[in-house]
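# Chains, contacts and geometry: an overview
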Amino acid sequence: MPQAPIDILLVEDNPGDVFLISEALAMGRVPKRVHVVEDGEDALRYLSKQGKFRDARPPDLILLDLNLPKIDGRQVLEIVKESRDLRHIPIVVLSTSTSERDVVSAYEHHANCYLGKPATLEEFFELVCQVEEYWLQCVALPAL
Amino acid sequence: MPSRPFEILLVEDSPGDIWLTREILMQGPIPKNISVVTDGEQALDYLFQRGKFSGARRPDLILLDLNLPRVNGLQVLTQMKKDSGLRAITVVVLTTSEARSDINAAYDLNANCYIVKPVDLEQFTQAIRGIEEFWMSMAVLPTTLPPMGAEEAQAEPKASGTPAESNGSGLLGSKLRRRLMSPRLVRYPGRYAHSPVPGRRVGSRRFGGARS
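Residue positions within a chain follow its written sequence, with the count starting from 1. Both sets of labels track the order of writing: A upward for chains, 1 upward for ligands. In keeping with the model being predicted, local features are shown solely for residues with a pLDDT of at least 70 and side-chain atom pairs are shown and tallied solely at 80 or more, while totals for entire chains, interfaces and linings include all residues. In computing side-chain values, all of the structure's heavy atoms are included and hydrogens and water are not.

### Quick look at the packing of helix 2 (residues 40-47) of chain B against helix 3 (residues 73-82) of chain B
The packing of two helices is summarised by the inter-axis angle and the distance between the axes. Residues and elements named next belong to chain B. One can describe the packing of helix 2 onto helix 3 by two numbers: an axis separation of 9 Å at closest approach and a directional angle of 15 degrees. When the axis of helix 2 is compared with that of helix 3, the two are roughly parallel. Relative to helix 3, helix 2 is oriented so that their crossing is right-handed. Together, Gly40, Ala43, Leu44 and Leu47 of helix 2 and Val76, Gln79 and Met80 of helix 3 make up the contact between the two elements. Classifying every residue of the contact of helix 2 with helix 3 by side-chain character gives five nonpolar, two polar and no charged. Only C-alpha atoms enter the line fits that serve as axes; for helices the fit covers just the stretch in contact. Angles between N-to-C directions range over 0 to 180 degrees. Comment: elements are numbered from the N terminus, with helices defined as DSSP H or I runs of at least four residues and strands as E runs of at least two. Roughly parallel means an angle under 35 degrees; roughly antiparallel, over 145; roughly perpendicular, 65 to 115; everything else is oblique. Whether a crossing is left-handed or right-handed is set by the direction in which the near helix is turned from the far one by less than a right angle, anticlockwise for left-handed and clockwise for right-handed. In what follows, residue pairs with any heavy atoms lying within 4.5 Å of each other are defined as contacts. Note that Gly is not counted as nonpolar here; it falls among the polar residues with everything else outside the nonpolar set of Ala, Val, Leu, Ile, Met, Phe, Trp, Tyr, Cys and Pro and the charged set of Asp, Glu, Lys and Arg.

Here it is in structure tokens:
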């Protein structure tokens, strides 16, 4: 486990979800920095350090919503996982859709994990806590 | 929603780790079948349903050791993630190797996640439970994928024989089992819906230690 704080890129356009996810992540015991972008275009700019993201820290983990403005989360997933420089970064998809088609397609495009956003606040919070525990405490993340 | 057991393929050559992993998993709340193969070549034969594995069931989750005889875990990962019929299967790398090169290579080859096997029994138990809770009840996994080995020509003659499989009979003493498997309910989103109390969970979990 790295000593330095873990950098998480949260790609989410819903302010309520951003707030909830950030709060739940902050409750976890692993030191972390959460960087938020609100659409797929900014996500790709962040990852390729373009424009205002010139000094962005490469994330250790990406939390990716699927339905995003400008560039869809599905496209972001594809682009990241096809990039030699980025594809090692684990992507946890968080989506309200649990249709088999979305799920299979995400895994086929090498999403590391697919999670359905629960309908209730309590369950959503719990889900993010589990993500924190599993991905930041149990799993060994790539380190370059 | 399938009401079938969760299918796990354990690719592991250490008899001790096979026994322990199977015990911990079989004590977990989710009904499951665990198939075991002990080298990388068998893992590929299983996944491509070759030879004695012609009747093998498609796994929902693969627990993959890296240091394996014949064909190593990274090679298994390379082969299966190249195959359009297999690549959506979740692979959790579970290995003693803490080498950065192994971790990065596994993610580069599209392993879903990498877990370093804890040496300590209690932590090992926590790690396996963590895998069960996260992948078998939290994560949404594909459920209706095409049969395995779809890209391979159906040329293999069907041979009889079934893969090694656990029937879940408990081998641990009841006291140790109780210690290892203190009751807790996990959240079930219902994909593998066998939950006695759907959607509710009590108790707290700590993955990977800090449990006193």
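### Here we look at the packing of helix 1 (residues 15-27) of chain B against helix 5 (residues 121-138) of chain B
Residues and elements named next belong to chain B. It is the contact of helix 1 with helix 5, at a shortest axis distance of 10 Å, that shows an interaxial angle of 50 degrees. Considered as vectors, helix 1 and helix 5 are oriented oblique to each other. Once helix 1 is placed against helix 5, the crossing between them reads as right-handed. From helix 1, Leu20, Thr21, Ile24 and Leu25 reach across to helix 5, where they touch Leu121, Phe124, Thr125, Ile128, Arg129, Glu132 and Met136.

### A few points about helix 3 of chain B
All names here are of chain B. Each residue is assigned to one of three classes by its accessible area relative to the maximum for its type, calculated with a 1.4 Å probe on protein chains only: buried under 20%, partly exposed between the two thresholds, exposed over 50%. Every buried residue belonging to helix 3 is among Gly73, Leu74, Val76, Leu77, Met80 and Lys81, and all of these are buried. Taken around the axis of helix 3, the buried residues stretch over an arc of 155 degrees, which confines them to a single face. Where helix 3 is buried, its residues contact helix 2, strand 3 (61-64), strand 4 (90-95) and helix 4 (100-108). For this quantity, the arc is that covered by the directions from the helix axis to the C-beta atoms.

### Observations concerning the sheet that holds strand 5 (residues 113-116) of chain A
Residue and element names in this part refer to chain A. By this definition, two strands are paired if DSSP reports at least two bridges between them. Within the open sheet, the five strands sit side by side as 2-1-3-4-5. Their pairing is parallel. Each edge of the open sheet carries a strand with a single partner, namely strand 2 (32-37) and strand 5. Between one strand axis and the next, the sheet turns through 20 degrees on average, direction left out of account. Sheet topology places strand 3 (residues 61-65) next to strand 4 (residues 91-95); four bridges connect them, and they run parallel. Across the sheet, the residue bridging to Ile62 is Ile91, located in strand 4. Its contacts with the sheet put helix 5 (residues 121-138) on strand 1 (6-11), strand 2, strand 3, strand 4 and strand 5, and the angle it makes with strand 5 is roughly 165 degrees.

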